[in-house]
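# Geometric and topological summary
Here is what each chain is made of, one letter per residue.
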Amino acid sequence: EPEVTQTPSHQVTQMGQEVILRCVPISNHLYFYWYRQILGQKVEFLVSFYNNEISEKSEIFDDQFSVERPDGSNFTLKIRSTKLEDSAMYFCASSAQGNENTIYFGEGSWLTVV
Amino acid sequence: LAKTTQPISMDSYEGQEVNITCSHNNIATNDYITWYQQFPSQGPRFIIQGYKTKVTNEVASLFIPADRKSSTLSLPRVSLSDTAVYYCLVGDHKAAGNKLTFGGGTRVLVKP
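## A word on the state of the cysteines
Evaluated as defined, the whole model comprises two disulfides over all chains. What pairs with C23 of chain A in a disulfide is C92 of chain A, and their sulfur atoms sit 1.9 Å apart. Across the S-S bond linking C23 of chain A and C92 of chain A, the dihedral sits near -70°, which makes this disulfide left-handed. In this pair, C23 of chain A is assigned in strand β3 (residues 19-24) and C92 of chain A in strand β9 (residues 88-96), connecting sequence segments 69 residues apart. A relative accessible area of 0% means that C92 of chain A is categorised as buried. Through a disulfide, C22 of chain B is tied to C88 of chain B; the S-S separation comes to 2.2 Å. Handedness of the C22 of chain B-C88 of chain B disulfide follows from its S-S torsion of about -80°: it is left-handed. Residue C22 of chain B is located in strand β2 (residues 18-23), and its partner C88 of chain B is located in strand β8 (residues 84-91); the two are separated by 66 residues in the primary sequence. Just as C22 of chain B is buried, C88 of chain B falls in that class too.

## A word on the sheet that holds strand β7 (residues 70-75) of chain B
Residue and element names in this part refer to chain B. Pairing within the open sheet is antiparallel, and its four strands lie in the order β2-β7-β6-β5. The open sheet has two edge strands, β2 and β5 (53-56), and neither has a second partner. For this sheet, the mean inter-axis angle between neighbouring strands, taken without regard to orientation, is 15°. Where β2 lies against β7, six bridges are found, and the strand directions are antiparallel. Each bridged residue has a counterpart across the sheet, and for C22 the counterpart in β7 is S71.

## Overview of the pattern of salt bridges
A side chain with one charge can pair with a side chain of the opposite charge if their charged atoms come near. A complete count under the given rule lists two salt bridges over all chains for this structure. Between R36 of chain A and E44 of chain A there is a salt bridge whose closest N-O contact spans 3.1 Å. Here R36 of chain A falls in the buried class, since its relative accessible area comes to 10%. The exposure class of E44 of chain A is partly exposed, given its relative accessible area of 23%. Its salt-bridge partner being D11 of chain B, residue K111 of chain B comes within 3.2 Å of it at the nearest N-O pair. You can see K111 of chain B sitting in strand β9 (residues 106-111) and its partner D11 of chain B sitting in strand β1 (residues 9-13), a full 100 residues away along the chain. For K111 of chain B, a relative accessible area of 28% gives the class partly exposed.

## Regarding the packing of aromatic side chains
Residues and elements named next belong to chain B. If you walk through the whole model with that rule in mind, you get 17 aromatic pairs over all chains. A ring pair is formed by Y87 and F102, whose centres lie 5.1 Å apart and whose planes are at 90°; its orientation type is edge-to-face. Here F102 lies in the loop between β8 and β9 and Y87 lies in strand β8, a separation of 15 residues in the sequence. Each of the two residues, Y87 as well as F102, counts as buried. Above the face of the Y51 ring, R68 is positioned so that its terminal group lies 3.9 Å from the ring centre.

What counts and how
Residue numbers restart at each chain and count upward from 1, following the sequence in its written direction. Naming scheme: in the order in which they are written, chains are lettered from A and ligands are numbered from 1. Owing to the predicted nature of the model, reporting of local features is limited to residues with pLDDT of at least 70; listing and counting of side-chain atom pairs is limited to 80 or more, with chain, interface and lining totals taken over all residues. Heavy atoms from the whole structure form the basis of all side-chain values; hydrogens and water molecules are not counted. Pairs of cysteine sulfur atoms within 2.5 Å are what we label disulfides. Strands here are runs of E lasting at least two residues and helices are runs of H or I lasting at least four, both read from the DSSP assignment and numbered beginning at the N terminus. Note on exposure labels: buried denotes an accessible area under 20% of the residue type's maximum, exposed denotes more than 50%, and partly exposed covers the range between, all computed with a 1.4 Å probe on protein chains only. Think of it this way: DSSP has to see at least two bridges between two strands before they count as a pair. Each axis is a line fitted through C-alpha atoms, and for a helix only the stretch in contact is used; angles between axes span 0 to 180 degrees, taken between their N-to-C directions. A pair is scored as a salt bridge if a Lys or Arg side-chain nitrogen falls within 4 Å of a carboxyl oxygen belonging to Asp or Glu. A pair of aromatic rings is counted whenever rings of Phe, Tyr or Trp (Trp by its six-membered ring) have centres within 6.5 Å, and the orientation is called stacked for planes under 30 degrees apart, edge-to-face for over 60 and tilted otherwise. Geometrically, a lysine NZ or arginine CZ counts as sitting over a ring once it is within 6 Å of the ring centre and also within 35 degrees of the ring normal.

Given below as structure tokens:
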């Protein structure tokens, strides 16, 4: 079964450093997303991406965050100048055109900011 | 997006059927009902989706009454590995920029 893959599975970074989380969405999907989940809290939407541009973003997704699809397979989330409160599990997800309602999630990248 | 209400937690035993009901009184005409499962430290996993009546797949069944103001996820003969958080989501994801809004979910604990 095709799946969304994410790297790294776990990253520890110093406060103020930049982090790039990488994702390979399911190959024929056209809609891409990033969500996050702070330990013990709800899964929160960050951003959706379609046709090489952001289609929607949440209040969380401020200037500290950016997304990019640098090639035909990868989808990245960059977090500049990380803060302690950025510590969370970050999930990448994707869905297919014509079946946008069915969103498939990766296993997540656990980010710890120290 | 329609607001959903579901029980915070449920306990069950191996081999039993688990039914989780979700209320969504202000569901809109174009909204679909989707259920996800999440194990600790893993991403949400799509279980089932429906619009009306009954939908069944190899994992679960989804029952939606005619007024669509609620839905029930049915997990037949659960095992210990079905212990997870189950989320009910309602929305026309196309219209909302493909955004899913997760609530607190229902923590299901399956006991031996």
